Amino acid sequence: LDLDSLYLIIIEKAGANYSAFAPDIPGCVATGHTIAETERLMREAIEFHFEGLVEEGQPIPEPSALTGYVTLEDTAANRAIIRGRRKKTSLASAAR
């Protein structure tokens, strides 16, 4: 492990805030008002987590998580699913 190691973090919209976690570092999470703040707080959380591991004589996990994206195929079934989801969202909004 060196300081150039890259750890994947996942940032998700969580209501009015953002939350983040690192798949390679179980239990290490952060939340913030913006994406930039969440990234900064996650970096701090990872550093703090690693300090605790070292103090306890535990190994620091090696980064191993990978990331990728998938695109849905343009099929009639997928178009129907998307239309159905939009319809449900529109109905829920109208019910408010």
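A brief look at the structure comes next. As the structure is a prediction and not an experimental result, all values here were calculated from the model.

Some remarks on the nonpolar core
Right, on to step 1. By size, the foremost hydrophobic cluster in this structure holds eleven residues: Tyr-7, Ala-20, Ala-22, Ile-25, Cys-28, Ala-30, Met-42, Ala-45, Ile-46, Phe-50 and Leu-53.
Right, on to step 2. For this core, the element with the most residues is helix H1 (residues 35–55), which contributes five residues.
Right, on to step 3. Residues in contact with Ala-22, not counting those within four places in the same chain, are Leu-8, Ile-9, Cys-28 and Met-42.

Notes on the environment of Thr-75
Right, on to step 1. You can see Thr-75 is positioned in the loop between H1 and helix H2 (76–95).
Right, on to step 2. For Thr-75, a relative accessible area of 27% corresponds to the partly exposed category.

Focus: the sheet that holds strand E1 (residues 10–14)
Right, on to step 1. One open sheet accounts for three strands, arranged E1-E2-E3; its pairing is antiparallel. Looking at which strands have only one partner, the edges of the open sheet turn out to be E1 and strand E3 (29–32). Averaged over all pairs of adjacent strands, the angle between strand axes in this sheet comes to 20°, irrespective of strand direction.
Right, on to step 2. Contacting E1, strand E2 (17–21) and E3, H1 crosses the sheet at an angle of about 150° to E3.

The rules behind each value
- Residues numbered from 1 in each chain as written.
- Predicted model: local features only at pLDDT ≥ 70, side-chain atom pairs only at ≥ 80, totals over all residues.
- Heavy atoms only, no water.
- Core = buried A, V, L, I, M, F, W, Y, C linked by side-chain atoms within 4.5 Å.
- Buried < 20%, exposed > 50% of the residue type's maximum accessible area, 1.4 Å probe, protein only.
- Helix = DSSP H or I, 4+ residues; strand = E, 2+ residues; numbered from the N terminus.
- Contact = heavy atoms within 4.5 Å.
- Pairing = 2+ DSSP bridges.
- Axes fitted to C-alpha atoms, helices over the stretch in contact; angles between N-to-C directions.

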